[in-house]
Amino acid sequence: MIDHAAAIEGCARGDRQSLKRLYEAEAGRLIAVALRIVRRRDIAEEVVQEAFLQIWRKAGSYDPELGSARGWITTIVRNRALNVIRDGAREDLVDAHEIAELGERTSGVEDAVAQLSTNSKLKRCLDELDRAKRLCVLFSYVGGYSHGEIAGALGVPIGTAKAWVRRGLLALRDCMG
Amino acid sequence: MSTDRDERDALAGLYVLGQLTEAEARAFEARLSEDQAARAAVRTIRERLGEIDDAAPAEPVPPALWERIEARLGAAPDFGPLPGNVVQMGKGKAAGLLRNDFWRGALAACLATVITLGTLFSLIDRGPPQPRLVVVLLTAEAEPGMIVEALGDREVRVVPLEAFVIPEGKAIELWTLPDPATGPVSLGLLREAAEKRLVGPRLPPPQPEQLYEITLEPATGSPTGRPTGPVLAKGYARVPQI
């Protein structure tokens with residue numbers, strides 16, 4: 001495991017080797033994170049490419065008080081992936097979301113949870129949520145679904161989906177303590 | 001019963017999930033700058049849910065990806081937000097008007113270089129006329145998308161710096177804002193991303209700091225005579241130091 005914070009500091013000083021170290025350690029995982037959201041490999045790779053350029057340019061603004069260095073990098077990738085599916089690229093990508101059967105979509109996000117270690121508190125708390133709320137949180141976080149898409153996937157009104165996402169978040173917080 | 005803490009944590013959670021509208025997210029970010037508890041809530045949720053991302057098994061990484069990144073490291077530094085609403089371009093091939101990574105990489109040189117380059121084109125290309133003003137239009141990513149050279153009161157020369165792919169039935173329309181009272185004025189249409197001279201309507205001589213922008217419009221130009229499509233790039237006129 002590399003020292004992410006030190007590598008980001010290196011980027012802020014203009015050291016390309018630092019960026020390369022981050023890239024070598026994280027690119028594969030970040031493509032996976034983006035792929036869960038954008039669902040197309042070429043787009044996921046482009047998201048990660050642009051994210052690394054952003055990391056390079058914004059390294060000086062990273063503030064350790066706001067979270068871990070690794071989390072900061074992941075957030076940049078997540079936000080770029082969400083932007084891609086929320087704007088113009090939507091038409092093509094919505095189809096990808098819609099043609100997948102609910103079962104397939106469900107297993108996609110549940111797989112992400114299955115990767116968590118068996119003693120993970122997050123995993124235990126997610127398992128304790130009722131299925132609808134768990135799926136709402138996971139569709140949102142893992143798949144980048146909008147409230148409307150969650151409503152569509154679960155066959156409920158959008159207001160219900162919103163309420164479930166919110167309740168799922170708070171139940172998760174209470175469980176995590 | 002919903003408490004203030006629930007409200008705050010739910011908002012923080014929705015923010016992390018990307019479920020807030022643009023306006024809600026901006027409002028929450030404004031709150032974050034002064035609300036330490038809200039900042040802590042965001043950090044906590046990010047760290048907790050981030051465990052899912054941290055555990056994601058790595059996907060194969062194409063060998064060319066690093067080269068594409070490295071080719072652009074010298075690219076434009078962060079200029080901060082551009083004025084107004086410049087649409088994000090070249091995100092994803094599905095959306096992309098920008099397709100050619102090679103050109104994106106090779107041509108995304110820094111602003112100063114581009115201005116020099118633009119000037120150079122004029123010098124070696126056809127000799128005079130020298131541009132009175134040069135505008136580098138920046139994309140939403142703060143990368144140079146097009147050079148516009150004002151050759152006279154009416155004539156401009158445009159040089160795309162991105163391989164804009166113009167969809168069927170569409171064109172890129174160049175606009176300038178001589179003054180706010182006149183509003184935006186069309187200088188002409190580009191149906192392909194190639195160097196072109198355009199002759200616009202008779203206008204007062206262009207001034208330094210005058211705004212230029214390109215938008216995507218129907219092939220015959222904006223139906224209203226004002227920009228209607230997304231802004232692809234924009235910039236302000238500068239006097240070239242020839």
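Attention here is on the structure that accompanies the text. (Residues numbered from 1 in each chain as written. Chains lettered and ligands numbered in written order. Predicted model: local features only at pLDDT ≥ 70, side-chain atom pairs only at ≥ 80, totals over all residues. Heavy atoms only, no water.)

**Considering the overall build of chain B**
- Check the secondary structure of chain B and you find seven helices and eight strands.
- In chain B, buried positions account for 47% of the 242 residues.
- Considering only residue pairs separated by 6 or more positions, chain B has 62% of its internal contacts joining residues 24 or more positions apart.
- Of the roughly 11400 Å² of accessible surface on chain B, a fraction of 56% belongs to carbon and sulfur atoms. (Helix = DSSP H or I, 4+ residues; strand = E, 2+ residues; numbered from the N terminus. Buried < 20%, exposed > 50% of the residue type's maximum accessible area, 1.4 Å probe, protein only. Contact = heavy atoms within 4.5 Å. Areas by Shrake-Rupley, 256 points an atom, 1.4 Å probe, with all protein chains shown as cover.)

**Side note on the pairing of strand S4 (residues 170–177) of chain B**
Residue and element names in this part refer to chain B.
- Counted residue by residue, S4 has six buried out of eight residues, so it is predominantly covered.
- The pairing of S4 with strand S7 (residues 211–218) spans eight bridges and is classified as antiparallel. Bridge pairing in S7 places Leu-177 opposite Leu-211.
- Pairing of S4 with strand S5 (residues 185–190) involves five bridges; the strand directions are antiparallel. Bridge assignment links Glu-173 to a residue of S5, and that residue is Leu-189. (Pairing = 2+ DSSP bridges.)

**Thoughts on the nonpolar core**
- Leu-122, Leu-126 and Leu-172 of chain A together with Phe-28, Leu-49 and Ile-52 of chain B are the most contacted members of the largest nonpolar core, which has 40 residues in total.
- For this core, the secondary structure elements donating two or more residues are helix H6 (102–114), helix H7 (121–128), helix H8 (131–141), helix H9 (147–154) and helix H10 (158–176) of chain A together with helix H1 (4–17), helix H2 (22–32) and helix H3 (36–54) of chain B.
- Setting aside residues no more than four positions away along its own chain, Leu-126 of chain A makes contact with Val-113, Arg-134, Leu-138 and Leu-172 of chain A together with Ile-52 of chain B.
- Formed by 37 residues, the second largest nonpolar core is a distinct cluster that contains Ala-69, Ile-73, Val-77 and Leu-82 of chain A. (Core = buried A, V, L, I, M, F, W, Y, C linked by side-chain atoms within 4.5 Å.)

**Quick look at the packing of helix H3 (residues 41–58) of chain A against helix H4 (residues 64–71) of chain B**
- At their nearest, the axes of H3 of chain A and H4 of chain B sit 9 Å apart, and the two run at 35 degrees to each other. Along this stretch, H3 of chain A crosses H4 of chain B, giving a crossing that reads as right-handed. Across the interface between the two elements, Glu-45, Val-48, Gln-49, Phe-52 and Leu-53 of chain A of H3 of chain A pack against Leu-65, Arg-68 and Ile-69 of chain B of H4 of chain B.
- Classifying every residue of the contact of H3 of chain A with H4 of chain B by side-chain character gives five nonpolar, one polar and two charged. (Axes fitted to C-alpha atoms, helices over the stretch in contact; angles between N-to-C directions. Left-handed = near helix turned anticlockwise from the far one by under 90°. Nonpolar A, V, L, I, M, F, W, Y, C, P; charged D, E, K, R; others polar.)

**Here's the deal with the packing of aromatic side chains**
- Under the defined criterion, the tally for this structure stands at five aromatic pairs over all chains.
- Relative to Trp-66 of chain B, the ring of Tyr-23 of chain A has its centre 5.0 Å away and its plane inclined at 45 degrees; by these criteria the two rings are tilted. Of the two residues, Tyr-23 of chain A sits in helix H2 (residues 16–38) while Trp-66 of chain B sits in helix H4, which places them in two different chains.
- Judged by relative accessible area, which is 7%, Tyr-23 of chain A ranks as buried.
- Within the aromatic cluster, the residues linked to one another by ring pairs are Tyr-23 and Phe-52 of chain A together with Trp-66 of chain B. (Phe/Tyr/Trp six-rings, centres within 6.5 Å; stacked < 30°, edge-to-face > 60°.)

**Some details on the environment of Leu-135 of chain A**
- Within the secondary structure layout, Leu-135 of chain A lies in helix H8.
- Not counting residues up to four positions away in its chain, the partners in contact with Leu-135 of chain A are Thr-106, Val-109, Glu-110 and Leu-154 of chain A.

**Details of the interface of chain A and chain B**
- Tallying the contact residues gives 65 residues for chain A and 52 residues for chain B.
- For the pairing of chain A and chain B, the buried interface totals around 5300 Å² over both sides, and the portion due to carbon and sulfur atoms is 57%.
- For Arg-70 of chain A, the salt bridge is made with Asp-54 of chain B, and the minimal N-O distance between the two is 3.7 Å.
- Our enumeration of links across chain A and chain B arrives at 20 residue pairs in polar contact (both at pLDDT 80 or more).
- When contributions to the side of chain A that touches chain B are tallied by element, the ones reaching two or more residues are H2, H3, helix H4 (69–86), H7, H8, H9 and H10 of chain A.
- For the side of chain A that touches chain B, the leading source of residues is H3 of chain A, giving 13 residues.
- A class-by-class count of the residues in the side of chain A that touches chain B yields 31 nonpolar, 14 polar and 20 charged. (Buried area = accessible area lost by both parts, 1.4 Å probe. Salt bridge = Lys/Arg side-chain N within 4 Å of Asp/Glu carboxyl O. Polar contact = N/O pair within 3.5 Å; in protein donor to acceptor, adjacent residues only side chain to side chain.)

**What to know about the environment of Leu-122 of chain A**
- Relative to the elements of secondary structure, Leu-122 of chain A occurs in helix H7.
- Residue classification places Leu-122 of chain A among the buried positions, given a relative accessible area of 0%.
- Once residues within four sequence positions are removed from consideration, Leu-122 of chain A is found in contact with Leu-116, Leu-172 and Met-176 of chain A together with Arg-48, Leu-49, Glu-51 and Ile-52 of chain B.

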